Amino acid sequence: MENTKDLTEHTSRAERKRRDSFGMFDGYDSCSEDTSSSSSSDESEEEVAPLPSSLPIIKNNGQVYTYPDGKSGMATCEMCGMVGVRDAFYSKTKRFCSVSCSRSYSSNSKKASILARLQGKPPTKKAKVLQKQPLVAKLAAYAQYQATLQNQAKTKAAAVPVEGFSWGNYINSNSFTAAPVTCFKHAPMGTCWGDISEGVRVEVPNTDCSLPTKVFWIAGIVKLAGYNALLRYEGFENDSSLDFWCNVCGSDIHPVGWCATSGKPLVPPRTIQHKYTNWKAFLVKRLTGAKTLPPDFSQKVSESMQYPFKTSMRVEVVDKTHLCRTRVAVVESVIGGRLRLVYEESEDKTDDFWCHMYSPLIHHIGWSRSIGHRFKRSDITKKQDGHFDAPPHLFMKVKEVDAAGEWFKEGMKLEAIDPLNLSAICVATIRKVLADGYLMIGIDGSEAADGSDWFCYHATSPSIFPVGFCEINMIELTPPRGYAKLPFKWFDYLRETDSIAAPVKLFNKEVPNHGFHVGMKLEAVDLMEPRLVCVATVTRIIHRLLRIHFDGWEDEYDQWVDCESPDLYPVGWCQLTGYQLQPPAPQSSRDSQSSSSKQKKKAKSQQYKGHKKMTSLQLKEELLDGEEYSYLQGASDQESNGSASYYIKQEP
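Residues numbered from 1 in each chain as written. Predicted model: local features only at pLDDT ≥ 70, side-chain atom pairs only at ≥ 80, totals over all residues. Heavy atoms only, no water.

**So, the overall build of the chain**
Helices and strands together make up the secondary structure of the chain, namely 13 helices and 29 strands. In the chain, buried positions account for 50% of the 652 residues. Contacts in the chain between residues at least 24 apart in sequence constitute 65% of all its contacts with a sequence separation of at least 6. As displayed, the chain has an accessible area near 31,200 Å², and 51% of this comes from carbon and sulfur atoms. (Helix = DSSP H or I, 4+ residues; strand = E, 2+ residues; numbered from the N terminus. Buried < 20%, exposed > 50% of the residue type's maximum accessible area, 1.4 Å probe, protein only. Contact = heavy atoms within 4.5 Å. Areas by Shrake-Rupley, 256 points an atom, 1.4 Å probe, with all protein chains shown as cover.)

If you want it as structure tokens, here you go:
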């Protein structure tokens, strides 16, 4: 009887070992994973401390270990995949859990490491001390892990799909390229994207499977488009029939080895399941020398999507009805770093304004008074319950300037992007010099008598340029309204107005290595209706200045934007953050544009129309600038990712 029992246990262990050794269902004959195992006295010299039932565990061949939490205090052995406290790891680099793993890695690093991760290989006897970390540390690791999962679940649940539009289909059908994530330092993962590129392998859900439970398989990145990746399952070689697009930062993409560590099954797709008899050998061969995501990738994604601005914070923001002044507004919601601000006096909370938390349009309470900027005092004399001032350190810092020597003066002429018609660079004048390097700018020929349309730019702003910038860079300069002496010549205009040009040396001439190229796709805010994020294309690059075209719309809706603007995002940003993406205008709207664009519009306005549902055409028509301007077409684009001398000499 005892012999029969021993034989049964031995057979059961052998069966479990057969199934668990590769972490997948052999032959699809069972969907149950037995996570129990018995400890063997000849495998263990010391008892592993018992864990509470509430803590998720993985048992493999008698060894017990917890999920990795991605914190700096934890580490993963590069040889066997063992997770433990970093301080207990071997060597100064803390790459291995024991001396034996370090030596094994050195002698047979690639194949051994890959096989160990795929199998979920347990640590060596010398590494068992790692499991005896205090219970508090284990619980903390689990809490962090659970928090990461919850954040990912919230992100996934909040995603807002765009009916009828797919970035993947749009890019595939037109062979478009997208701007890389590294171009957007303000976006999630913008500064820690790393070496994610074509060829990187990941573990993803296997959708080509008839099993009733969720299983996974390994796929390789075929093409990258922002956050989105075109993936192909391993084993399909040149067959693209099951290729699919997926957001790399989504909760369903994991580094190779995650399934083994998490106790998830790896199952080859049904289409190719009979292609190889030894899938383990196939994967080891395919993955040798390949790259995968960092073990803490999901943790980094979660951390990069934590935003310091919170609801009920009070800020000063530009008054959209009078650009020359600011008003107090309250943060109503935060989505992907974008703030919906409700002006404090709005009782029904419909008078709002959208901008990014790094926008130059928002400031801490008291900013206007400190620099001498006009400010609309609120009728509300007392803060509402729960509202509090946003700390000054949360706002984007501007570069310090030295105004003690030669500096900007009232009446000096320059060229500036018109804040009410962002497709135009206009003749402008400095109307007032404020403190800390801020300037009030007016657009010549279209200023209101009371100066209510003056706009505040900092001296280092990439939206103001010295006289002659447009000419040397072959950009159409918009002359003052009503100016009859055309073509416009700066020399004549300065003489006629008895004015001087602002010195070239006072302007910001830094050109970062931004990485953008003409034709790249991205998601961009329509700054004339800042609650909208649209499908867009980079059509011109003038050093650090980008011309953004909204796909499906006429060129007159284009906008000049700085390469480091927080209103530009990688492809897939809306899906990742749960923001609504505006697809390209349909053909019917394009046809209507051609006729409507020829009609003169009443007046400039960037008034927010609220959340009333409108067609894209209606939105654009209501926001179109009141004047028609012509633009230079066919000029050669000048791409530059470095500093250059792009100003012409001023005529005497």
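Once the structure has been displayed, the description carries forward.
**A closer look at unusual backbone geometry**
Between Leu 486 and the following residue, Pro 487, the backbone shows a cis peptide bond with an omega angle of 0°. By secondary structure assignment, the location of Pro 487 is in the loop between strand S23 (477-478) and helix H10 (490-496). The backbone of Ser 175 sits at a positive phi, close to 55°, despite the residue not being glycine. For Ser 175, a relative accessible area of 61% corresponds to the exposed category. The residue Glu 237 is not glycine, and still its phi comes out positive at about 50°. Locating Glu 237 in the fold gives a position in the loop between strand S8 (228-233) and strand S9 (244-247).

**Brief notes about the confidence of the model for the chain**
Mean pLDDT over the chain stands at 77; residues scoring 70 or higher make up 66%. Low pLDDT, under 50, characterises residues 597-640; the stretch is placed with 104 contacts to residues that sit more than four places away or in other chains. (pLDDT = per-residue confidence, 0-100.)

**Some details on the packing of aromatic side chains**
When we look at a pair of aromatic rings, we describe it by the centre distance and by the angle of the planes. A full pass over the atoms with the stated rule returns 29 aromatic pairs. Put simply, the rings of Phe 165, Trp 167, Tyr 170 and Phe 176 touch in pairs and so form one group of aromatic residues. The ring of Tyr 343 carries the charged tip of Arg 327 above its face, separated from the ring centre by 4.0 Å. Lying over the aromatic face of Phe 176, Lys 521 brings its terminal NZ or CZ to 4.0 Å of the ring centre. (Phe/Tyr/Trp six-rings, centres within 6.5 Å; stacked < 30°, edge-to-face > 60°. Lys NZ or Arg CZ within 6 Å of the ring centre and 35° of its normal.)

**Things to note about the pairing of strand S12 (residues 322-335)**
Summarising the sheet, strand S11 (residues 313-319) and S12 pair through 6 bridges and their orientation is antiparallel. Within the sheet, the bridge partner assigned to Glu 316 lies in S12 and is Val 328. In this sheet, strand S16 (residues 374-375) lies alongside S12 in parallel orientation, the contact comprising 2 bridges. Of the residues in S16, the one forming a bridge with Thr 326 is Phe 375. Two strands pair when backbone bridges link them, and S12 and strand S13 (residues 338-343) are joined in this way by 6 bridges, in the antiparallel orientation. Its bridge partner being in S13, Ile 335 is matched across the sheet by Arg 338. Hairpin geometry of S12 and S13 is characterised by an intervening segment of 2 residues between the two adjacent antiparallel strands and by a positive phi of about 60° at Gly 336. (Pairing = 2+ DSSP bridges.)

**Some thoughts on the nonpolar core**
Phe 309 and Ile 548 are the most contacted members of the largest nonpolar core, which totals 132 residues. Membership of the second largest hydrophobic core comes to 7 residues, among which are Cys 324, Trp 367, Ile 371 and Met 440. (Core = buried A, V, L, I, M, F, W, Y, C linked by side-chain atoms within 4.5 Å.)

**Some remarks on the sheet that holds strand S7 (residues 216-225)**
Pairing is antiparallel in the open sheet, where 5 strands are placed in the order S9-S8-S7-S6-S10. On the outer flanks of this sheet lie S9 and strand S10 (254-255), each paired with one strand and no other. Where S8 and S9 come together, 4 bridges link them in antiparallel fashion. Across the sheet, Leu 230 pairs through a bridge with Trp 245, a residue of S9. Strands in contact with helix H4 (residues 167-174) are S7, S8 and S9; relative to S9, the strand with the most contacts, it is inclined by about 130°. The strands touched by helix H6 (residues 279-287) are strand S6 (201-205) and S7; relative to S7, the strand with the most contacts, the crossing angle is about 30°. (Axes fitted to C-alpha atoms, helices over the stretch in contact; angles between N-to-C directions.)

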